[in-house]
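Topology and contacts: notes
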Amino acid sequence: MSYVHPEYLISVQELAGDIDNSGRRILDATVFLTPAPTAGYRAESGQGKFDEGHIPGAVFLDLIRAASDTSTGLGFSLPPVAQLAGLFGSLGIGDDTEVVLYSTGHMMWATRAWWLFHYCGHANARVLDGGFRAWRDAGQPISTETTAPAPQSFRAQANPNLFVDKDGVLAAIGDSATCTVKTRYRRMSMPGRASSPTGGAGTSRAASIFTSTICSTTATSRMRMHCARRLMPRGYLPRPK
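Residues numbered from 1 in each chain as written. Predicted model: local features only at pLDDT ≥ 70, side-chain atom pairs only at ≥ 80, totals over all residues. Heavy atoms only, no water.

What about the overall build of the chain?
Counting its regular elements, the chain contains 7 helices and 12 strands. Across the chain, every contact between residues at least 6 apart in sequence was considered, and the portion connecting residues at least 24 apart equals 73%. Split by element, the accessible area of the chain, about 11,200 Å² in all, is 51% carbon and sulfur. (Helix = DSSP H or I, 4+ residues; strand = E, 2+ residues; numbered from the N terminus. Contact = heavy atoms within 4.5 Å. Areas by Shrake-Rupley, 256 points an atom, 1.4 Å probe, with all protein chains shown as cover.)

Right, dumping it as structure tokens:
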């Protein structure tokens, strides 16, 4: 398969051949969805699985809390850009750092993280093709050691074209040039919260849009993602430039 944007992906072979690159930071963005006690699914951190084994030099990115606005009462709400800037800087990522993102299991967690970096204006981010499974299946080394990275200065500038709020969604209704797509898990709950019918929407959409972005047959398509601060993401808007 040929990609319009191959720069958004990195292969296992390329990463393994340059694993000690000091200008690169590898992030594990794993989240697991497990059945909730009553119904639906519960989002659980992948930190434990990361501690059991990860790509050498990687650090863990907490998408559930550290990279979300937990004040909304909804899972995976888009946080203030200053929060993301502080988080990424604390993970050793500076303005010129190349970021490689991967996840164990579903790739949607890595692609959600990819969208957050692009939202902050940091385009030098790539997703590991095939994720942790591809790395493991290729017989590449796995480490249990983690070294806290030296904090860096990360300057973030929000790109409003990547996410839109509830008003943007409402404005798109009835617009013949806009296609709104809804995909979501039937029900998902966050730690310490009741199940939410909107739970997993943002994550599955991130993977879908990322795939559309790199595989699009036309270089003129532009993806916009609905991500309401007070509502969970509901879809994306493909529009011509």
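Here we look at the packing of aromatic side chains
The tally for this structure, following the rule as stated, stands at 8 aromatic pairs. Between F88 and F154 the ring centres are 5.4 Å apart and the planes differ by 75°, which places this aromatic pair in the edge-to-face class. Separated by 66 residues along the polypeptide, F88 in helix α3 (residues 81-90) and F154 in the loop between α5 (131-137) and β8 (163-164) bring together distant segments of the chain. Look at F88 and you get buried, because its relative accessible area is 0%. (Phe/Tyr/Trp six-rings, centres within 6.5 Å; stacked < 30°, edge-to-face > 60°. Buried < 20%, exposed > 50% of the residue type's maximum accessible area, 1.4 Å probe, protein only.)

A short note on helix α4 (residues 108-119)
For α4, which comprises 12 residues, the first-to-last C-alpha distance of 16 Å matches the rise-based estimate of 16 Å (1.5 Å per residue) to within 8%. Across the 12 residues of α4, 12 count as buried, placing the element largely inside the fold. Of all the residues in α4, the buried ones are M108, W109, A110, T111, R112, A113, W114, W115, L116, F117, H118 and Y119. Of the residues trailing α4, G121 is marked for its positive phi of about 85°. (Expected span 1.5 Å × (residues − 1).)

Side note on the pattern of salt bridges
Opposite charge on two side chains allows them to pair when their charged atoms are near. Counting across every chain of the model gives 8 salt bridges. We note a salt bridge from R126 to E98, for which the minimum N-O separation is 2.8 Å. Placement of R126 in strand β7 (residues 125-128) and of E98 in strand β6 (residues 98-102) is noted, with a sequence separation of 28 residues between them. We classify E98 as buried; its relative accessible area is 11%. Salt bridges here are not isolated pairs; linked through shared partners, they connect E14, D18, R24, E98 and R126. (Salt bridge = Lys/Arg side-chain N within 4 Å of Asp/Glu carboxyl O.)

Remarks on the sheet that holds β6
Across the sheet, which stays open at both edges, the 5 strands sit in the order β1-β7-β6-β2-β5 with parallel pairing between neighbours. The sheet is open, and its two edges are formed by β1 (9-10) and β5 (59-60), each paired on a single side. The pairing of strand β2 (residues 24-28) with β6 spans 5 bridges and is parallel. Among the inter-strand pairings, R25 is bridged to a residue of β6, identified as V99. Its contacts with the sheet place α4 against β2, β6 and β7, and it is angled at close to 175° to β7. (Pairing = 2+ DSSP bridges. Axes fitted to C-alpha atoms, helices over the stretch in contact; angles between N-to-C directions.)

Brief notes about α3
Those residues of α3 not exposed but buried are L84, A85, L87, F88 and G89. As for α3, its buried residues are in contact with α4. Downstream of α3 by a residue or two, G92 has a phi angle that is positive, lying close to 85°.

So, the nonpolar core
Ranked by size, the top nonpolar core spans 36 residues in total, and within it L27, L61, L63, F88, I93, L101 and F117 carry the most contacts. Going through the elements one at a time, α3, β6, α4 and β7 are the ones with two or more residues in this core. Considering every element that reaches this core, the biggest residue donor is α4, with 9 residues. When near neighbours in sequence (up to four residues on either side) are disregarded, F88 contacts L61, I93, L116, F117, C120 and F154. Formed by 13 residues, the second largest nonpolar core is a distinct cluster that contains I10, L15, A58 and L128. (Core = buried A, V, L, I, M, F, W, Y, C linked by side-chain atoms within 4.5 Å.)

Re the side chain of R126
Residue class for R126 comes out buried when judged on its relative accessible area of 14%. Engagement of the side chain of R126 in a polar contact is seen with the side chain of E14, the distance being 3.1 Å. Once residues lying within four places of it in the same chain are set aside, the contact partners of R126 are E7, Y8, L9, I10, E14, R24, E98, V99, V100, L101 and W114. (Polar contact = N/O pair within 3.5 Å; in protein donor to acceptor, adjacent residues only side chain to side chain.)

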